[in-house]
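Each chain is listed here by its residues.
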Amino acid sequence: MKIGIDIGGSHVGIAIVDGNRIINKKEYEYDKEFRKNIKENLIKYLVLEILERMKIYQIEKIGISIAGRLENNVLKICPNIHELEGVNFVSELSKYFNIPIVVNKDSFCAAKAEKEYGCLNTYKTCVFLCIGTGIGGVSFRDNFLHRDGFGHMIIKQDGRKCGCGKKGCFEAYCSIRAIRNEVNNYLKTEKVQGKELHDFLLNNQDNLEVKEIIDKYVKNFAIGISNIIDIVLPEAIGFGGSFSYYEDVFMEKVKKYIIENDLLVDKNSMPMFEMGYFKNDAGIIGATLF
């Protein structure tokens, strides 16, 4: 048995992983108090949760998935939680546990799970996008993983400021956080998120102002996706993270916009769009596969 951990921009998930099977999963949404000292609080939380599972299961490995850029296990850039920059989760947890511990970027982990066991299993050349608080992306070319940075390609010159420091990034316009912010600004609240956000968008598509929010999102999303298609020419694109729950809101609209606006160099290069089989669990499973 292995322990998989997925450290996201808004929550952390931890579970026992047996192959592609999730056991005893627990998620914790960061609250304001937790965020005040998130580095120390997160490490303490993980140590306690790992110890609890080790009382029950024989653990051979701990795998960690996290959003950001890693170098020699050190989190160098973390656009969504800057306070974690400089943290080496391998060395921090190795103080408490004498078993192999590995850490990888969240998009690599989620893509690995979906390529080995999930929605991309039958494709040799494909792209996986992990879309939630941010956007991470990788491609597989003849089954070989390439570590791409699709979330931070610029789709709008001098556009919105992104968490990475650049302006106009794909992530700044097309992450789930981006559309959540649009909806909350419209509703003059900060509370709409998760399933409530999905249901609001799905059930209010005839509202002209909500339709405008959706249409702008779809346009920006289609531009980003068409760039990726022209660069990689994938057989399929897999979508994971929170976005994998939004197929009924966005996907047909995105396909239609790409086709009707001639966004592809080769009209015959439209790939299959596949929703992640493991949804938000992909990062936890994939973290244990490296």
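Residues numbered from 1 in each chain as written. Predicted model: local features only at pLDDT ≥ 70, side-chain atom pairs only at ≥ 80, totals over all residues. Heavy atoms only, no water.

Engineer: Quick question: what am I supposed to make of the packing of helix α6 (residues 176-187) against helix α7 (residues 194-203) here?
Structural biologist: What describes two packed helices is the angle between their axes and the distance between those same axes. Where α6 meets α7, the closest approach of the two axes is 11 Å, and the angle between their N-to-C directions is 70°. With respect to each other, α6 and α7 are oriented roughly perpendicular. In the crossing of α6 with α7, the sense of the turn from one axis to the other is left-handed. Contact residues: Ile176, Ile179, Arg180, Val183, Tyr186 and Leu187 in α6; Leu197, Phe200 and Leu201 in α7. (Axes fitted to C-alpha atoms, helices over the stretch in contact; angles between N-to-C directions. Helix = DSSP H or I, 4+ residues; strand = E, 2+ residues; numbered from the N terminus. Parallel < 35°, antiparallel > 145°, perpendicular 65-115°, else oblique. Left-handed = near helix turned anticlockwise from the far one by under 90°. Contact = heavy atoms within 4.5 Å.)

Engineer: Got a minute to help me understand the sheet that holds strand β3 (residues 21-29) in this structure?
Structural biologist: Across a sheet, strands are paired by hydrogen bonds formed along the backbone, either parallel or antiparallel in direction. With mixed pairing, five strands are arranged side by side in an open sheet as β3-β2-β1-β4-β7. Looking at strand neighbours, the two that pair on one side only are β3 and β7 (101-105), the edges of this open sheet. Here the average twist between neighbouring strands, direction ignored, is 15°. Pairing of strand β4 (residues 61-66) with β7, which is carried by five bridges, proceeds in the parallel orientation. Across the sheet, residue Gly63 finds its bridge partner in β7, namely Val102. In the packing of helix α2 (residues 38-54) onto the sheet, the strands contacted are β1 (2-7), β2 (11-18), β3 and β4, and the crossing angle to β2 comes to about 25°. Running at roughly 100° to β7, helix α4 (residues 106-116) makes contact with β1, β4 and β7 of the sheet. (Pairing = 2+ DSSP bridges.)

Engineer: Would you mind showing me how to read the sheet that holds strand β10 (residues 144-146) here?
Structural biologist: As summarised here, the arrangement of the five strands in space is β10-β9-β8-β11-β12, forming an open sheet in which the pairing is mixed. If you trace the sheet from one side to the other, it starts and ends with β10 and β12 (272-275), each paired once. The sheet shows a mean angle of 25° between the axes of neighbouring strands, direction not considered. Summarising the sheet, strand β11 (residues 236-240) and β12 pair through four bridges and their orientation is parallel. From the neighbouring strand, Ala236 faces β12, where its bridge partner is Met272. Lying on the sheet, α4 is in contact with β8 (126-131), β9 (135-141) and β10; it crosses β9 at an angle near 45°. Packed onto the sheet, helix α9 (residues 247-260) meets β11 and β12 and runs at close to 165° relative to β12.

Engineer: Got a minute to help me understand the pairing of strand β6 (residues 74-77) in this structure?
Structural biologist: Moving residue by residue along a regular strand, the side chains alternate between the two faces of the sheet. By the bridge criterion, three bridges tie strand β5 (residues 69-71) to β6 in an arrangement that is antiparallel. Across the sheet, Leu70 pairs through a bridge with Leu75, a residue of β6. Two successive antiparallel strands, β5 and β6, enclose a turn made up of two residues, where Asn72 displays a positive phi of approximately 50°.

Engineer: Honestly, unusual backbone geometry in this entry has me stumped. Any pointers?
Structural biologist: Excluding glycine, a negative phi dihedral is what most residues carry, and trans is how most peptide bonds are arranged. In this structure, Asn72 takes a positive phi of about 50° despite not being glycine. Structurally, the position occupied by Asn72 is in the loop between β5 and β6. Not every positive phi belongs to a glycine, and Asn73 is a case in point at roughly 70°. The exposure class assigned to Asn73 is partly exposed, which follows from its relative accessible area of 32%. (Buried < 20%, exposed > 50% of the residue type's maximum accessible area, 1.4 Å probe, protein only.)

Engineer: Can you walk me through the pattern of salt bridges in this structure?
Structural biologist: Pairing between side chains of opposite charge can happen when the charged atoms of each approach one another. Taken as a whole, this structure holds 15 salt bridges when the rule is applied. Here Glu27 and Lys25 are joined by a salt bridge, their closest N and O atoms 3.4 Å apart. Look at Glu27 and you get partly exposed, because its relative accessible area is 43%. Close ionic contact of Lys255 with Glu252 constitutes a salt bridge, the shortest N to O distance being 3.5 Å. Taken as a pair, Lys255 and Glu252 lie in helix α9 at a separation of three residues, close to a single helical turn. Judged by relative accessible area, Glu252 falls into the exposed class, the value being 56%. Among the charged side chains, a network of salt bridges with common partners joins Lys25, Glu27 and Asp281. (Salt bridge = Lys/Arg side-chain N within 4 Å of Asp/Glu carboxyl O.)

Engineer: Looking at this model, I keep getting lost on the packing of α7 against α9. Mind explaining?
Structural biologist: Two elements in contact, α7 and α9, have axes whose closest approach is 9 Å; the angle formed by their N-to-C orientations is 55°. Compared by their axis directions, α7 and α9 come out oblique. Across the interface between the two elements, His198, Leu201 and Leu202 from α7 touch Asp248, Val249 and Phe250 from α9. Taken together, the residues of the contact of α7 with α9 sort by class into four nonpolar, one polar and one charged. (Nonpolar A, V, L, I, M, F, W, Y, C, P; charged D, E, K, R; others polar.)

Engineer: Whenever I open this one, α2 confuses me. Can you help?
Structural biologist: For an α-helix, 3.6 residues make a turn, and residues three or four places apart therefore share a direction. When the terminal C-alpha atoms of α2 are compared, their 24 Å separation across 17 residues agrees well with the 24 Å that a helix rising 1.5 Å per residue should span. Restricting attention to buried positions, one finds in α2 the residues Ile38, Leu42, Ile43, Tyr45, Leu46, Val47, Glu49, Ile50 and Arg53. In this structure, the buried side of α2 is in contact with β1, β2, β3, α1 (32-36), β4 and α3 (89-94). (Expected span 1.5 Å × (residues − 1).)

Function cannot be read off these values alone, since they describe shape.
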